[in-house]
Amino acid sequence: MKNIGYLAQDISILHRQYYKDTKEQFDALKLNPTAACILLSIGDYPEISQNQVARLLVVDKGLATREINKMQKMDYLSKVDGAGKTKNLLLTNKGHEVVGKIQHIRINWWADRFADTGISADSPLVSAIETVVDGITDSVEE
């Protein structure tokens, strides 16, 4: 059995393969992986702020801002006034539509991987990974 230190490498392999396998589908939506994750986050947390998105996804604030501005120009999201100077993000109708497509791409890829290996979505591994991620990322409610 490999030591636990290889887990990050294995997760990176899955991450790269997912984007390699789904690249054409995301290209057709004119999205990169970060943009897709941002849209999913806005769908999960309506009126989330740009800073909250960056913390939730553990990405640089500048990158989040650039991607959010691109998606606003694509009419996938809009910015609304929040508390103080904060701008909150909302999906547009077009954004809701594309989020559905992103979820479909993601669900199908993982369903295929699970089917290939016999691992089920309720595997203890899934909840263990979610627990580790929860310990790394900031809560949106903060």
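Before reading further, recall that the structure is shown in the block above.
Everything quoted here is computed from the prediction, not taken from an experiment.

Caption draft 1: Main features of the overall build of the chain. A tally of regular secondary structure across the chain gives 6 helices and 3 strands. Projected onto the principal axes, the alpha-carbon positions of the chain cover approximately 50 × 35 × 25 Å. Long-range pairs, those at least 24 residues apart, make up 58% of the contacts in the chain between residues at least 6 apart in sequence. When the accessible surface of the chain is totalled, it reaches about 9,300 Å², and 55% of it is carbon and sulfur. Distance between charge centres in the chain, computed from 17 positive and 19 negative side chains, equals 9 Å.

Caption draft 2: Representation of the environment of aspartate 81 in the model. Tracing the backbone shows aspartate 81 in strand β2 (residues 77–81). With sequence-adjacent residues up to four places away left out, aspartate 81 is seen in contact with Thr86, Lys87 and Asn88. A distance of 2.4 Å separates the side chain of aspartate 81 from the side chain of lysine 87, its partner in a polar contact.

Caption draft 3: Region of interest: the environment of aspartate 44. Topologically, aspartate 44 is positioned in helix α2 (residues 33–44). Exposure remark for aspartate 44: the relative accessible area of 51% places this residue in the exposed category. A sequence separation of 24 residues divides aspartate 44 from isoleucine 68, and the C-alpha atoms of the two residues are 16 Å apart.

Caption draft 4: Up close: the layout of surface pockets. Considering only enclosed or pocket space, the largest pocket measures out at about 2,100 Å³ in volume. In this structure, the largest pocket is lined by 43 residues; those nearest its centre are Ile11, Arg106, Trp110, Ile129 and Val133. With 11 residues, the single largest contributor to the lining of the largest pocket is helix α1 (residues 6–28). The class makeup of the residues in the lining of the largest pocket is 30 nonpolar, 7 polar and 6 charged.

Cut-offs used in this document
- Residues numbered from 1 in each chain as written.
- Predicted model: local features only at pLDDT ≥ 70, side-chain atom pairs only at ≥ 80, totals over all residues.
- Heavy atoms only, no water.
- Helix = DSSP H or I, 4+ residues; strand = E, 2+ residues; numbered from the N terminus.
- Contact = heavy atoms within 4.5 Å.
- Areas by Shrake-Rupley, 256 points an atom, 1.4 Å probe, with all protein chains shown as cover.
- Lys, Arg positive; Asp, Glu negative; His and termini not counted.
- Charge placed at Lys NZ, Arg CZ, Asp CG, Glu CD.
- Polar contact = N/O pair within 3.5 Å; in protein donor to acceptor, adjacent residues only side chain to side chain.
- Buried < 20%, exposed > 50% of the residue type's maximum accessible area, 1.4 Å probe, protein only.
- 1 Å grid on protein atoms, 1.4 Å probe; cavity = no way out; pocket = protein on both sides within 12 Å on 5 of 7 lines; lining within 4 Å.
- Points joined across faces, edges and corners; volume = space filled by probe spheres on them.
- Nonpolar A, V, L, I, M, F, W, Y, C, P; charged D, E, K, R; others polar.

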